[in-house]
Structure formats: structure tokens, C-alpha cells
Amino acid sequence: MLEQILHPQLHFSLETSFILVILVALEAVLSADNAIALAAIAQGLASPPQQRKALNIGLMVAYILRITLIFTATWVIHYWQVELLGALYLLWLVFRYFTSPEDDKNHHHSLEFKSLWQAIPMIAVTDLAFSLDSVTTAIAVAEDIWLIVLGGTIGVLTLRFLAGLFIRWLDEFTNLEDAGFVTVGFVGVRLLLKAVYPSFVMPEWLMITAIAAMFIWGFSKRNPDFVPQEDSPSP
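Residues numbered from 1 in each chain as written. Predicted model: local features only at pLDDT ≥ 70, side-chain atom pairs only at ≥ 80, totals over all residues. Heavy atoms only, no water.

Asks: Help me out: how do you make sense of the environment of V196 in this one?
Replies: Tracing the sequence through the fold places V196 in helix 8 (residues 176-196). For the pair V196 and E83, spaced 113 residues apart in the sequence, the C-alpha separation amounts to 9.1 Å. (Helix = DSSP H or I, 4+ residues; strand = E, 2+ residues; numbered from the N terminus.)

Asks: Mind showing me how you'd approach the packing of helix 5 (residues 80-98) against helix 8 here?
Replies: Packed helix pairs are specified by the crossing angle of their axes together with the interaxial distance, meaning the distance between the axes. Running from N to C, helix 5 and helix 8 point in directions that differ by 155 degrees, and their axes come no closer than 8 Å. By the angle between their axes, helix 5 is roughly antiparallel relative to helix 8. Between helix 5 and helix 8 lies a crossing of left-handed hand. Across the contact of helix 5 with helix 8, the residue classes break down as 17 nonpolar, three polar and four charged. (Axes fitted to C-alpha atoms, helices over the stretch in contact; angles between N-to-C directions. Parallel < 35°, antiparallel > 145°, perpendicular 65-115°, else oblique. Left-handed = near helix turned anticlockwise from the far one by under 90°. Nonpolar A, V, L, I, M, F, W, Y, C, P; charged D, E, K, R; others polar.)

Asks: Can you help me understand the pattern of salt bridges in this one?
Replies: When their charged atoms lie close together, side chains carrying opposite charge are able to pair. This structure, assessed with the given rule, holds four salt bridges. Across the salt bridge formed by E172 and R168, the nearest N and O atoms sit 2.8 Å from each other. Of this pair, E172 and R168 both sit in helix 7 (residues 145-172), four residues apart, roughly one helical turn. For E172, the salt bridge is made with R222, and the minimal N-O distance between the two is 2.1 Å. Placement of E172 in helix 7 and of R222 in the segment after helix 9 (204-218) is noted, with a sequence separation of 50 residues between them. Given a relative accessible area of 9%, E172 falls into the buried group. Among the residues examined, R222 registers a relative accessible area of 52% and is labelled exposed. The structure contains a network of salt bridges with shared partners spanning R168, E172 and R222. (Salt bridge = Lys/Arg side-chain N within 4 Å of Asp/Glu carboxyl O. Buried < 20%, exposed > 50% of the residue type's maximum accessible area, 1.4 Å probe, protein only.)

Asks: Whenever I open this one, the packing of helix 3 (residues 48-71) against helix 7 confuses me. Can you help?
Replies: Between helix 3 and helix 7, the least distance of the axes is 10 Å, while the angle of their chain directions is 160 degrees. Viewed along their axes, helix 3 and helix 7 adopt a mutual orientation that is roughly antiparallel. Every pair of crossing elements has a handedness; the one defined by helix 3 and helix 7 is right-handed. Contacts from Q51, R52, L55, N56, L59, Y63, R66, I67, I70 and F71 of helix 3 reach helix 7 at I145, I148, V149, G152, T153, G155, V156, L159, R160, A163, G164 and I167. For the contact of helix 3 with helix 7, the per-class residue count stands at 13 nonpolar, six polar and three charged. (Contact = heavy atoms within 4.5 Å.)

Asks: Help me understand the nonpolar core in this model?
Replies: Where a protein is soluble and globular, its nonpolar side chains tend to be buried together. One finds L90 and F166 to be the most contacted residues of the largest nonpolar core, which totals 56 residues. With ten residues, helix 7 is the largest single contributor of residues to this core. Not counting chain neighbours up to four residues away, the residues in contact with F166 comprise A32, A35, I36, A39, L176, F215 and F219. (Core = buried A, V, L, I, M, F, W, Y, C linked by side-chain atoms within 4.5 Å.)

Asks: Looking at this structure, I do not really get the packing of aromatic side chains. What am I missing?
Replies: Each aromatic ring pair is characterised by the separation of its centres together with the angle its planes make. Under the defined criterion, the tally for this structure stands at seven aromatic pairs. Between F166 and W169, the aromatic rings sit 5.2 Å apart at their centres with planes inclined by 85 degrees, giving edge-to-face as the arrangement. Taken together, the positions of F166 and W169, both in helix 7 and three residues apart, correspond to about one turn of that helix. Through successive ring pairs, a cluster of aromatic residues spans F166, W169, F173, F215 and F219. (Phe/Tyr/Trp six-rings, centres within 6.5 Å; stacked < 30°, edge-to-face > 60°.)

Asks: Honestly, the environment of L38 in this entry has me stumped. Any pointers?
Replies: Counting through the fold element by element, L38 comes out in helix 2 (residues 14-43). Here the alpha-carbon distance between L38 and I167, two residues 129 residues apart in the chain, equals 8.9 Å. If sequence neighbours within four positions are ignored, L38 has contacts with L55, L59, I123, T126, D127 and L159.

Asks: Whenever I open this one, a nonpolar patch on the surface confuses me. Can you help?
Replies: Among the surface-exposed residues, V196, Y197 and F200 lie close enough to one another that they form a single nonpolar patch of about 310 Å² accessible area. Along the polypeptide, F200 turns up in the loop between helix 8 and helix 9. Since its relative accessible area comes to 41%, F200 is described here as partly exposed. (Patch = residues over 30% accessible without salt bridge, like charges linked within 9 Å, V, L, I, M, F, W, Y side chains within 5 Å. Areas by Shrake-Rupley, 256 points an atom, 1.4 Å probe, with all protein chains shown as cover.)

Asks: I'm lost on the confidence of the model for the protein chain in this one. Help?
Replies: Note that predicted coordinates carrying low pLDDT should not be read in detail. For the protein chain, the average pLDDT comes to 79, and 77% of its residues sit at 70 or higher. Of all helices and strands in the protein chain, the one with the weakest mean pLDDT is helix 1 (residues 2-6) (41), whereas helix 5 scores best (92). The low-confidence segment residues 1-12, where pLDDT is below 50, has 18 contacts with residues more than four positions distant or belonging to other chains. This stretch, residues 231-235, has a pLDDT under 50; its non-local contacts, to residues over four places away or in other chains, come to one contact. (pLDDT = per-residue confidence, 0-100.)

Shown next as C-alpha cells:
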């Protein structure tokens, strides 16, 4: 790994392009539930400007943490305790969400923050916990460190775009936030199993099918009281 960092081999080929496409696709697939979690965290702030600021700053910090994780991945994967901590954090996040008070109108749970600086660290740490899964997957697919860094960079940009969309969609679709946190729980359980039973490999198709099913349910019901942002009155 150190040799690749000091002397990166920047050669492009059909195989390199194919691997990059796979990495970007993996990031996009693995980022959907992450994006919902980050959108829900940002939505715990009162105003849209605060939500955008929390996402921008939180994901800048998350990007630094991702790059650090990529450079130390070959070391990190030898310590199951790291994945255990990531799993416990994600499961705690799910527990906190589903035990939070419901609003009177839509009976929705919500993560609420009094300050911007309460939300930013949670956004960064949540992305890091998800990255434990995606980065180790990327390490298994690609050998060139620069390729993994590029895939991670594109992944963070994709995540920012998706999180911005999900902030709107969480208001528009009634079940989406609950569905998103159930999928966060899936990722937490997956990390927990990898940490406790490393010989057990959950079939990828099972995970993807379960997440897809939850997203179908999440987008199945619109909020009848939803007003598009552009039609809403100015504050």
C-alpha cells in the first residue's frame, strides 16, 4: 500500500476504466441508504440553509476521514474491533431514530439538533461507518490506490447530490425515512456479522434485494400535505 502511495502507476486501460465504472457503481448503490441517513440528520436542523451547510461541512470532514481510511485500509481490516464499533454506531443511530418522539401530524420520528455543530460531527461519523463497508469492498476490487481514491471522491460527490434530493423526498414520501433507517440497520447488522463471524459471508444478492424492497416500500406512499419547495411561501 505504501509503495502505491509513493509511486502510483497512473496507467489507463480498458480494464482500468471498467474497474472505475464498477467502483462508481458500488459507491452509488452503497450510498443510497447512507444518503437517507445523512439527509435525515441534516433535516434535524430548523432551516434549509443550515441543512445545506451541515451537509457541505459534514461531507468535507467525511471526505478527509474516507481518504484516511483508504490509506490505512490494509491495516484496519486486520482489526475486527473497528467494524464492531462501526456496526454498534449504526445500530445506535437506528435505535435513536425509532425511539425519538413522533410529530403529532404525520407520526414521524425525527432526529432534532439545537445547533449546526451537533449535526456536523454526526454526518461525518455516519459516513465513516458506512465507508467501512464500501472501502473494504473497493480494496477487494481494485489494486491501484489512486483508483480507489478517485472512486471515493466521486462517491462523496454523489452522496452530496443524493442527500440533497433525499431531504426533499423525505417530506414527499411518507414511508421513506423509516425505510431508510431500516436499511441502515441492515448495514449495521452486516458489519456486526463481519466483525463477530468473519467466516460468514452474507450473499450480496440478499442484501441488495432487502434494500431494494425497503426502497420500493419507502417510495410507495406520497404525503398528501406535501408542498413542493418552489410553491411554498417565502419565509
